[in-house]
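Listed below are the residues making up each chain.
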Amino acid sequence: MGTWTFGLTMLVVGMGGTLVVLSLMSLIMVLLKKAFPYKEEAESQKG
Amino acid sequence: MLEAIMSGFGGLAAGIVNLQWSNAVMIGIGLLLLYLGAKKGFEPLLLVPIGFGAILVNIPLAGLMEEHGFLRIIYDAGILTELFPLLIFVGIGAMTDFGPVLENPYTFLLGAAGQFGIFLTLLLALALGFKSMDAVTIGIIGACDGPTVIYVASQYAPHLLGPVSVAAYSYMSLVPVLQPPIIKMLTTEKERTIVMKTGKKSVSKTTKILFPIVITIIGGLIAPMGLPLLGTIMLGNFMKECGAVDRLVKASENEIANVVTLLLGISIGATMSGPVFVQTQTLVILLLGLLAICLDTVCGVFFGKLLKVLTGGKVNPIIGAAGISAFPMAARVAQKEGFKYNKKNYLLMHAMGANAGGQIGSVMAAAVMLSVLKGMGII
(Lines give C-alpha, C1' and ligand atoms only; values in the text may rest on other atoms or scores of the structure.)
Protein backbone atom coordinates (compact mmCIF):
# COMPACT_ATOMS: atom_id res chain seq x y z
CA MET A 1 0.00 0.00 0.00
CA GLY A 2 1.29 3.45 -0.93
CA THR A 3 2.14 6.04 1.70
CA TRP A 4 -0.64 8.41 0.65
CA THR A 5 -3.22 5.66 0.33
CA PHE A 6 -2.34 4.63 3.87
CA GLY A 7 -2.44 8.20 5.20
CA LEU A 8 -5.72 9.13 3.56
CA THR A 9 -7.33 5.84 4.60
CA MET A 10 -6.32 6.52 8.19
CA LEU A 11 -7.66 10.08 7.96
CA VAL A 12 -11.00 9.12 6.44
CA VAL A 13 -11.68 5.81 8.22
CA GLY A 14 -9.90 6.73 11.45
CA MET A 15 -11.41 10.17 11.97
CA GLY A 16 -14.73 9.14 10.42
CA GLY A 17 -14.80 6.06 12.65
CA THR A 18 -14.02 8.14 15.74
CA LEU A 19 -16.82 10.58 14.91
CA VAL A 20 -19.30 7.78 14.26
CA VAL A 21 -18.41 5.90 17.46
CA LEU A 22 -18.62 9.03 19.60
CA SER A 23 -21.91 10.03 17.96
CA LEU A 24 -23.23 6.57 18.77
CA MET A 25 -22.04 6.92 22.37
CA SER A 26 -23.68 10.34 22.56
CA LEU A 27 -26.94 8.77 21.39
CA ILE A 28 -26.57 6.00 23.98
CA MET A 29 -26.20 8.65 26.67
CA VAL A 30 -29.43 10.31 25.56
CA LEU A 31 -31.21 6.95 25.64
CA LEU A 32 -29.79 6.10 29.07
CA LYS A 33 -31.01 9.44 30.41
CA LYS A 34 -34.47 8.80 28.95
CA ALA A 35 -34.60 5.25 30.31
CA PHE A 36 -33.43 6.26 33.79
CA PRO A 37 -34.57 9.85 34.33
CA TYR A 38 -33.34 11.94 37.23
CA LYS A 39 -35.79 12.05 40.14
CA GLU A 40 -34.75 14.52 42.80
CA GLU A 41 -36.18 12.76 45.85
CA ALA A 42 -34.99 9.30 44.88
CA GLU A 43 -31.50 10.59 44.02
CA SER A 44 -31.13 12.47 47.31
CA GLN A 45 -31.97 9.25 49.17
CA LYS A 46 -29.33 7.35 47.17
CA GLY A 47 -26.84 10.03 48.19
CA MET B 1 52.44 -0.81 42.47
CA LEU B 2 52.38 2.58 40.77
CA GLU B 3 50.67 0.98 37.80
CA ALA B 4 47.96 -0.46 40.05
CA ILE B 5 47.37 2.93 41.64
CA MET B 6 47.12 4.57 38.21
CA SER B 7 44.68 1.86 37.07
CA GLY B 8 42.61 2.51 40.18
CA PHE B 9 42.47 6.24 39.45
CA GLY B 10 41.74 5.37 35.81
CA GLY B 11 38.69 3.43 37.00
CA LEU B 12 37.43 6.49 38.89
CA ALA B 13 37.82 8.65 35.80
CA ALA B 14 36.23 6.13 33.43
CA GLY B 15 32.77 7.67 33.68
CA ILE B 16 34.07 11.10 32.73
CA VAL B 17 36.25 9.72 29.93
CA ASN B 18 33.30 7.83 28.41
CA LEU B 19 30.89 10.75 28.61
CA GLN B 20 29.79 11.62 25.08
CA TRP B 21 28.58 15.09 24.14
CA SER B 22 25.10 13.72 23.51
CA ASN B 23 25.03 12.35 27.09
CA ALA B 24 25.97 15.79 28.39
CA VAL B 25 23.18 17.38 26.31
CA MET B 26 20.66 14.89 27.72
CA ILE B 27 21.82 15.50 31.29
CA GLY B 28 21.16 19.18 30.56
CA ILE B 29 17.68 18.32 29.24
CA GLY B 30 17.07 16.17 32.33
CA LEU B 31 17.99 19.15 34.52
CA LEU B 32 15.67 21.37 32.47
CA LEU B 33 12.79 18.91 32.97
CA LEU B 34 13.51 18.86 36.71
CA TYR B 35 13.44 22.66 36.74
CA LEU B 36 10.18 22.81 34.78
CA GLY B 37 8.56 20.18 36.97
CA ALA B 38 9.88 21.07 40.42
CA LYS B 39 10.22 24.84 40.12
CA LYS B 40 7.67 25.87 37.49
CA GLY B 41 5.04 23.24 38.34
CA PHE B 42 4.63 21.89 34.78
CA GLU B 43 3.26 18.34 35.21
CA PRO B 44 5.66 17.79 38.15
CA LEU B 45 4.46 14.26 38.90
CA LEU B 46 5.75 13.15 35.51
CA LEU B 47 8.48 15.60 34.57
CA VAL B 48 10.42 15.11 37.82
CA PRO B 49 10.84 11.32 37.47
CA ILE B 50 11.33 11.65 33.68
CA GLY B 51 14.03 14.29 34.19
CA PHE B 52 15.79 12.22 36.85
CA GLY B 53 15.55 9.09 34.71
CA ALA B 54 17.14 11.02 31.82
CA ILE B 55 20.05 12.02 34.05
CA LEU B 56 20.52 8.48 35.39
CA VAL B 57 20.56 6.80 31.98
CA ASN B 58 23.10 9.26 30.57
CA ILE B 59 25.77 8.61 33.16
CA PRO B 60 28.19 6.26 31.37
CA LEU B 61 29.09 2.76 32.53
CA ALA B 62 26.34 2.57 35.17
CA GLY B 63 24.47 0.14 32.89
CA LEU B 64 21.06 1.01 34.29
CA MET B 65 19.33 0.17 31.00
CA GLU B 66 21.41 -2.90 30.25
CA GLU B 67 20.25 -6.40 31.06
CA HIS B 68 19.62 -6.68 34.84
CA GLY B 69 19.94 -2.89 35.23
CA PHE B 70 17.18 -1.67 37.53
CA LEU B 71 15.72 0.76 34.97
CA ARG B 72 15.66 -2.01 32.35
CA ILE B 73 13.77 -4.28 34.74
CA ILE B 74 11.16 -1.59 35.43
CA TYR B 75 10.91 -0.72 31.72
CA ASP B 76 10.47 -4.34 30.62
CA ALA B 77 7.94 -5.06 33.34
CA GLY B 78 5.73 -2.04 32.92
CA ILE B 79 6.25 -0.36 29.57
CA LEU B 80 6.92 -3.26 27.21
CA THR B 81 3.98 -5.11 28.74
CA GLU B 82 1.80 -1.91 28.51
CA LEU B 83 0.90 -2.45 32.16
CA PHE B 84 1.80 1.02 33.49
CA PRO B 85 -0.38 3.13 31.16
CA LEU B 86 -3.30 0.78 31.76
CA LEU B 87 -2.95 0.98 35.55
CA ILE B 88 -2.81 4.77 35.25
CA PHE B 89 -6.04 4.62 33.29
CA VAL B 90 -7.82 2.81 36.12
CA GLY B 91 -6.85 5.75 38.35
CA ILE B 92 -7.95 8.31 35.76
CA GLY B 93 -11.31 6.57 35.45
CA ALA B 94 -11.68 6.60 39.24
CA MET B 95 -10.91 10.33 39.34
CA THR B 96 -13.13 11.41 36.42
CA ASP B 97 -16.70 12.56 36.79
CA PHE B 98 -18.52 11.99 33.51
CA GLY B 99 -21.56 13.83 34.92
CA PRO B 100 -21.00 17.02 32.86
CA VAL B 101 -20.79 15.13 29.56
CA LEU B 102 -23.87 13.10 30.52
CA GLU B 103 -25.71 16.35 31.27
CA ASN B 104 -24.96 17.60 27.74
CA PRO B 105 -24.32 14.58 25.49
CA TYR B 106 -23.67 16.82 22.46
CA THR B 107 -20.41 17.94 24.09
CA PHE B 108 -19.17 14.41 23.44
CA LEU B 109 -18.91 15.37 19.76
CA LEU B 110 -16.51 18.17 20.66
CA GLY B 111 -14.32 15.42 22.12
CA ALA B 112 -14.32 13.81 18.68
CA ALA B 113 -13.47 17.05 16.88
CA GLY B 114 -10.54 17.52 19.26
CA GLN B 115 -8.91 14.41 17.79
CA PHE B 116 -8.54 15.73 14.23
CA GLY B 117 -4.99 16.79 15.04
CA ILE B 118 -3.99 13.12 15.41
CA PHE B 119 -4.88 12.27 11.84
CA LEU B 120 -3.67 15.49 10.25
CA THR B 121 -0.32 15.12 12.00
CA LEU B 122 -0.11 11.50 10.88
CA LEU B 123 -0.42 12.75 7.29
CA LEU B 124 2.25 15.37 7.88
CA ALA B 125 4.62 12.82 9.42
CA LEU B 126 4.13 10.57 6.39
CA ALA B 127 4.85 13.54 4.12
CA LEU B 128 8.10 14.12 6.03
CA GLY B 129 9.17 10.55 5.32
CA PHE B 130 8.40 8.75 8.59
CA LYS B 131 7.45 5.07 8.32
CA SER B 132 3.77 4.14 8.73
CA MET B 133 3.86 3.05 12.38
CA ASP B 134 6.23 5.86 13.35
CA ALA B 135 3.79 8.34 11.78
CA VAL B 136 0.88 6.76 13.67
CA THR B 137 2.83 7.06 16.92
CA ILE B 138 3.74 10.69 16.26
CA GLY B 139 0.14 11.50 15.32
CA ILE B 140 -1.11 10.04 18.57
CA ILE B 141 0.65 12.86 20.47
CA GLY B 142 -2.41 14.79 19.30
CA ALA B 143 -4.49 12.66 21.65
CA CYS B 144 -2.96 14.95 24.28
CA ASP B 145 -3.10 11.98 26.60
CA GLY B 146 0.12 10.61 28.08
CA PRO B 147 -0.96 7.02 28.86
CA THR B 148 -2.54 6.59 25.40
CA VAL B 149 0.64 7.85 23.74
CA ILE B 150 2.80 5.49 25.82
CA TYR B 151 0.46 2.55 25.14
CA VAL B 152 0.61 3.01 21.37
CA ALA B 153 4.32 3.87 21.24
CA SER B 154 5.39 0.93 23.43
CA GLN B 155 3.59 -1.48 21.10
CA TYR B 156 4.34 -0.11 17.67
CA ALA B 157 7.33 2.25 17.84
CA PRO B 158 9.24 1.67 21.10
CA HIS B 159 12.25 3.54 19.70
CA LEU B 160 10.13 6.72 19.70
CA LEU B 161 8.81 6.27 23.23
CA GLY B 162 11.07 8.92 24.76
CA PRO B 163 10.38 11.83 22.42
CA VAL B 164 6.64 11.19 21.99
CA SER B 165 6.08 10.80 25.75
CA VAL B 166 8.04 13.92 26.60
CA ALA B 167 6.17 15.80 23.86
CA ALA B 168 2.77 14.59 25.10
CA TYR B 169 3.37 15.46 28.76
CA SER B 170 5.16 18.74 28.08
CA TYR B 171 2.51 20.05 25.71
CA MET B 172 -0.29 18.92 28.02
CA SER B 173 1.18 21.20 30.65
CA LEU B 174 1.45 24.00 28.07
CA VAL B 175 -2.26 23.91 27.17
CA PRO B 176 -2.95 27.14 29.14
CA VAL B 177 -0.26 28.86 27.07
CA LEU B 178 -1.02 27.31 23.68
CA GLN B 179 -4.81 27.53 23.54
CA PRO B 180 -5.78 31.16 24.36
CA PRO B 181 -4.10 32.74 21.30
CA ILE B 182 -5.66 30.11 19.01
CA ILE B 183 -9.10 30.71 20.54
CA LYS B 184 -8.70 34.46 20.13
CA MET B 185 -7.52 34.13 16.55
CA LEU B 186 -10.39 31.89 15.43
CA THR B 187 -13.36 33.48 17.19
CA THR B 188 -14.99 36.89 17.02
CA GLU B 189 -15.47 38.97 20.17
CA LYS B 190 -19.24 38.49 19.83
CA GLU B 191 -18.79 34.69 19.79
CA ARG B 192 -16.55 34.76 22.86
CA THR B 193 -19.20 36.62 24.86
CA ILE B 194 -22.02 34.10 24.19
CA VAL B 195 -23.49 33.08 27.54
CA MET B 196 -24.32 29.40 27.91
CA LYS B 197 -27.04 28.57 30.39
CA THR B 198 -26.46 25.87 32.97
CA GLY B 199 -29.46 23.54 33.09
CA LYS B 200 -30.86 21.73 36.09
CA LYS B 201 -29.18 18.52 37.21
CA SER B 202 -30.58 15.79 35.00
CA VAL B 203 -28.43 12.66 35.33
CA SER B 204 -29.59 9.85 37.59
CA LYS B 205 -27.24 7.65 39.60
CA THR B 206 -28.38 4.62 37.56
CA THR B 207 -27.32 6.35 34.34
CA LYS B 208 -23.90 7.15 35.80
CA ILE B 209 -23.44 3.53 36.89
CA LEU B 210 -24.58 2.05 33.58
CA PHE B 211 -22.57 4.50 31.46
CA PRO B 212 -19.11 2.86 31.89
CA ILE B 213 -20.53 -0.64 31.34
CA VAL B 214 -22.42 0.28 28.16
CA ILE B 215 -19.52 2.32 26.76
CA THR B 216 -17.09 -0.55 27.41
CA ILE B 217 -19.27 -3.09 25.63
CA ILE B 218 -20.17 -0.88 22.64
CA GLY B 219 -16.69 0.63 22.29
CA GLY B 220 -15.03 -2.75 22.73
CA LEU B 221 -17.21 -4.40 20.11
CA ILE B 222 -16.49 -1.66 17.56
CA ALA B 223 -12.78 -1.19 18.28
CA PRO B 224 -11.53 -4.26 20.17
CA MET B 225 -7.86 -3.32 19.74
CA GLY B 226 -8.39 -0.39 22.06
CA LEU B 227 -10.35 -2.28 24.68
CA PRO B 228 -7.46 -2.35 27.19
CA LEU B 229 -7.47 1.48 27.20
CA LEU B 230 -11.23 1.91 27.24
CA GLY B 231 -11.84 -1.01 29.59
CA THR B 232 -9.44 0.18 32.28
CA ILE B 233 -10.67 3.79 32.31
CA MET B 234 -14.26 2.55 32.49
CA LEU B 235 -13.41 0.01 35.21
CA GLY B 236 -12.06 2.86 37.34
CA ASN B 237 -15.15 4.95 36.63
CA PHE B 238 -17.55 2.10 37.39
CA MET B 239 -15.81 1.49 40.74
CA LYS B 240 -16.23 5.19 41.55
CA GLU B 241 -19.89 5.39 40.53
CA CYS B 242 -21.13 2.10 42.00
CA GLY B 243 -20.01 3.19 45.47
CA ALA B 244 -19.37 -0.37 46.66
CA VAL B 245 -15.59 -0.45 46.53
CA ASP B 246 -14.38 2.77 48.10
CA ARG B 247 -11.09 1.20 49.18
CA LEU B 248 -10.28 0.17 45.62
CA VAL B 249 -11.24 3.61 44.32
CA LYS B 250 -8.98 5.31 46.86
CA ALA B 251 -6.14 2.90 46.08
CA SER B 252 -6.58 3.43 42.32
CA GLU B 253 -6.53 7.21 42.51
CA ASN B 254 -3.81 7.43 45.16
CA GLU B 255 -1.42 4.58 45.98
CA ILE B 256 -1.56 2.71 42.65
CA ALA B 257 -1.57 5.89 40.54
CA ASN B 258 1.30 7.39 42.55
CA VAL B 259 3.55 4.32 42.45
CA VAL B 260 2.88 3.67 38.76
CA THR B 261 3.40 7.34 37.89
CA LEU B 262 6.84 7.22 39.53
CA LEU B 263 7.82 4.01 37.75
CA LEU B 264 6.33 5.17 34.45
CA GLY B 265 8.16 8.50 34.61
CA ILE B 266 11.53 7.03 35.45
CA SER B 267 11.12 4.40 32.71
CA ILE B 268 10.35 7.06 30.09
CA GLY B 269 13.38 9.05 31.27
CA ALA B 270 15.41 5.89 30.87
CA THR B 271 14.62 5.81 27.15
CA MET B 272 16.25 9.22 26.70
CA SER B 273 19.79 8.03 26.21
CA GLY B 274 21.95 10.66 24.47
CA PRO B 275 23.03 8.79 21.33
CA VAL B 276 19.42 7.71 20.69
CA PHE B 277 17.64 10.93 21.64
CA VAL B 278 19.93 13.67 20.34
CA GLN B 279 18.96 13.50 16.67
CA THR B 280 17.30 15.85 14.21
CA GLN B 281 14.39 13.40 14.11
CA THR B 282 13.63 14.09 17.79
CA LEU B 283 13.30 17.80 17.11
CA VAL B 284 10.97 17.10 14.17
CA ILE B 285 8.85 14.83 16.41
CA LEU B 286 8.62 17.51 19.10
CA LEU B 287 7.55 20.09 16.50
CA LEU B 288 4.97 17.72 14.99
CA GLY B 289 3.61 17.01 18.48
CA LEU B 290 3.21 20.73 19.12
CA LEU B 291 1.44 21.09 15.80
CA ALA B 292 -0.84 18.14 16.62
CA ILE B 293 -2.10 19.74 19.82
CA CYS B 294 -2.57 23.12 18.12
CA LEU B 295 -4.54 21.44 15.30
CA ASP B 296 -6.74 19.70 17.89
CA THR B 297 -7.61 23.11 19.33
CA VAL B 298 -8.22 24.61 15.89
CA CYS B 299 -10.56 21.78 14.86
CA GLY B 300 -12.31 21.83 18.25
CA VAL B 301 -13.01 25.56 17.99
CA PHE B 302 -14.26 25.19 14.40
CA PHE B 303 -16.58 22.40 15.52
CA GLY B 304 -17.75 24.69 18.32
CA LYS B 305 -18.54 27.31 15.69
CA LEU B 306 -20.50 24.72 13.71
CA LEU B 307 -22.50 23.81 16.83
CA LYS B 308 -23.12 27.52 17.41
CA VAL B 309 -24.70 27.79 13.96
CA LEU B 310 -26.68 24.55 14.35
CA THR B 311 -28.08 25.61 17.75
CA GLY B 312 -28.97 29.13 16.64
CA GLY B 313 -26.17 30.77 18.61
CA LYS B 314 -26.60 28.94 21.92
CA VAL B 315 -23.11 27.39 21.97
CA ASN B 316 -20.00 29.42 22.72
CA PRO B 317 -17.28 28.12 20.34
CA ILE B 318 -14.66 28.51 23.09
CA ILE B 319 -15.82 25.23 24.66
CA GLY B 320 -14.68 23.47 21.47
CA ALA B 321 -11.09 24.03 22.58
CA ALA B 322 -11.81 21.92 25.66
CA GLY B 323 -12.52 18.82 23.55
CA ILE B 324 -9.04 17.45 24.16
CA SER B 325 -7.82 15.04 26.76
CA ALA B 326 -5.88 17.43 29.00
CA PHE B 327 -8.33 17.14 31.90
CA PRO B 328 -9.40 19.43 33.56
CA MET B 329 -6.84 21.95 32.32
CA ALA B 330 -8.48 22.54 28.94
CA ALA B 331 -11.88 23.10 30.60
CA ARG B 332 -10.34 25.65 32.95
CA VAL B 333 -8.80 27.48 29.99
CA ALA B 334 -12.22 27.65 28.28
CA GLN B 335 -13.83 28.96 31.47
CA LYS B 336 -11.09 31.57 31.94
CA GLU B 337 -11.27 32.75 28.34
CA GLY B 338 -15.08 32.97 28.37
CA PHE B 339 -15.04 34.88 31.67
CA LYS B 340 -12.36 37.25 30.37
CA TYR B 341 -14.67 38.53 27.63
CA ASN B 342 -17.94 38.39 29.56
CA LYS B 343 -17.95 38.55 33.35
CA LYS B 344 -21.41 36.94 33.44
CA ASN B 345 -20.22 33.88 31.55
CA TYR B 346 -19.60 30.59 33.32
CA LEU B 347 -18.65 28.01 30.71
CA LEU B 348 -17.02 25.56 33.11
CA MET B 349 -19.71 22.86 33.23
CA HIS B 350 -20.11 22.83 29.44
CA ALA B 351 -16.35 22.86 28.96
CA MET B 352 -15.97 20.01 31.47
CA GLY B 353 -18.42 18.02 29.34
CA ALA B 354 -16.33 18.65 26.23
CA ASN B 355 -13.17 17.86 28.18
CA ALA B 356 -14.54 14.57 29.52
CA GLY B 357 -15.67 13.84 25.96
CA GLY B 358 -12.11 14.59 24.85
CA GLN B 359 -10.78 12.04 27.31
CA ILE B 360 -12.95 9.29 25.92
CA GLY B 361 -12.49 10.72 22.43
CA SER B 362 -8.71 10.35 22.60
CA VAL B 363 -8.99 6.76 23.81
CA MET B 364 -11.57 5.96 21.12
CA ALA B 365 -9.45 7.63 18.42
CA ALA B 366 -6.51 5.42 19.41
CA ALA B 367 -8.77 2.37 19.60
CA VAL B 368 -10.32 3.06 16.19
CA MET B 369 -6.87 3.72 14.73
CA LEU B 370 -5.49 0.40 16.03
CA SER B 371 -8.54 -1.50 14.83
CA VAL B 372 -8.31 0.10 11.37
CA LEU B 373 -4.60 -0.83 11.23
CA LYS B 374 -5.48 -4.37 12.23
CA GLY B 375 -8.21 -4.45 9.58
CA MET B 376 -5.70 -3.27 6.97
CA GLY B 377 -3.33 -6.05 8.02
CA ILE B 378 -0.59 -3.62 9.09
CA ILE B 379 -0.44 -4.79 12.72
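So, how was this worked out
Residues numbered from 1 in each chain as written. Chains lettered and ligands numbered in written order. Predicted model: local features only at pLDDT ≥ 70, side-chain atom pairs only at ≥ 80, totals over all residues. Helix = DSSP H or I, 4+ residues; strand = E, 2+ residues; numbered from the N terminus. Rg over C-alpha atoms; globule rule 2.2 N^0.38 Å. Buried ≥ 20, exposed ≤ 12 C-beta atoms within 10 Å, placed from the backbone. Contact = placed C-beta atoms within 7 Å. Core = buried A, V, L, I, M, F, W, Y, C linked by C-beta atoms within 7 Å. Axes fitted to C-alpha atoms, helices over the stretch in contact; angles between N-to-C directions. Left-handed = near helix turned anticlockwise from the far one by under 90°. Nonpolar A, V, L, I, M, F, W, Y, C, P; charged D, E, K, R; others polar. pLDDT = per-residue confidence, 0-100.

## Some thoughts on the overall build of chain B
From N to C terminus, chain B includes 20 helices and zero strands. Here chain B has a C-alpha radius of gyration of 22 Å; the compact-globule value for 379 residues is 21 Å, and the two agree. By its C-alpha atoms, chain B is 90 × 45 × 45 Å across when sized along the principal axes. Looking at chain B as a whole, 55% of its 379 residues qualify as buried. Residue pairs at least 24 apart in sequence account for 75% of intrachain contacts in chain B once pairs closer than 6 positions are excluded.

## Brief notes about the overall build of chain A
On a plain count of helices and strands, chain A comes out with two helices and zero strands. Considering chain A as a whole, with its 47 residues, one finds that 28% of them fall into the buried category.

## Things to note about the nonpolar core
In this structure, V164(B), A330(B), A334(B) and A366(B) are the most contacted members of the largest nonpolar core, which totals 137 residues. No other element matches the 16 residues that helix α20 (residues 348–375) of chain B contributes to this core.

## Focus on the packing of helix α11 (residues 161–173) of chain B against helix α18 (residues 280–310) of chain B
All names here are of chain B. The geometry of α11 relative to α18 is characterised by a closest axis approach of 9 Å and an angle of 35 degrees between their N-to-C directions. The element α11 and its partner α18 pack so that their crossing is right-handed. Note on element contacts: α18 touches α11 through T282, I285, L286, G289, L290 and I293, opposite P163, V164, A167, A168 and Y171. Of the residues in the contact of α11 with α18, the class split is nine nonpolar, two polar and no charged.

## Considerations on the packing of helix α5 (residues 83–95) of chain B against helix α16 (residues 246–270) of chain B
All names here are of chain B. For the pair α5 and α16, the least separation of the axes is 8 Å and the interaxial angle reads 145 degrees. Here the hand of the crossing between α5 and α16 comes out left-handed. Contact residues: F84, L87, I88, V90, G91, A94 and M95 in α5; V249, S252, E253, I256, A257, V260, T261, L263 and L264 in α16. Considering only residue class, the contact of α5 with α16 consists of twelve nonpolar, three polar and one charged.

## Here's the deal with unusual backbone geometry
Residues and elements named next belong to chain B. With omega at -5 degrees, the peptide bond leading from F327 into P328 counts as cis. Within the secondary structure, P328 sits in the loop between α18 and α19 (329–341). Of note, the phi angle at E43 is positive, near 40 degrees, even though the residue is not glycine. Mapped onto the elements of the fold, E43 is located in the loop between α2 (21–39) and α3 (44–57). For E43, a count of 23 C-beta atoms within 10 Å gives the class buried. Even without a glycine there, the phi angle at E82 is positive, about 65 degrees. Within the element layout of this structure, E82 appears in the loop between α4 (70–78) and α5.

## Remarks on the confidence of the model for chain B
Per-residue pLDDT for chain B averages 92, and the proportion of residues at 70 or more is 100%. Mean pLDDT per element in chain B: helix α1 (residues 2–17) of chain B is the minimum at 83, and helix α15 (residues 227–242) of chain B is the maximum at 95.

## Some remarks on the interface of chain B and chain A
Between chain B and chain A, the residue contacts involve 36 residues of the former and 29 residues of the latter. At ten residues, helix α14 (residues 205–222) of chain B tops the list of elements feeding residues into the side of chain B that touches chain A. In terms of residue class, the side of chain B that touches chain A is built from 25 nonpolar, nine polar and two charged.

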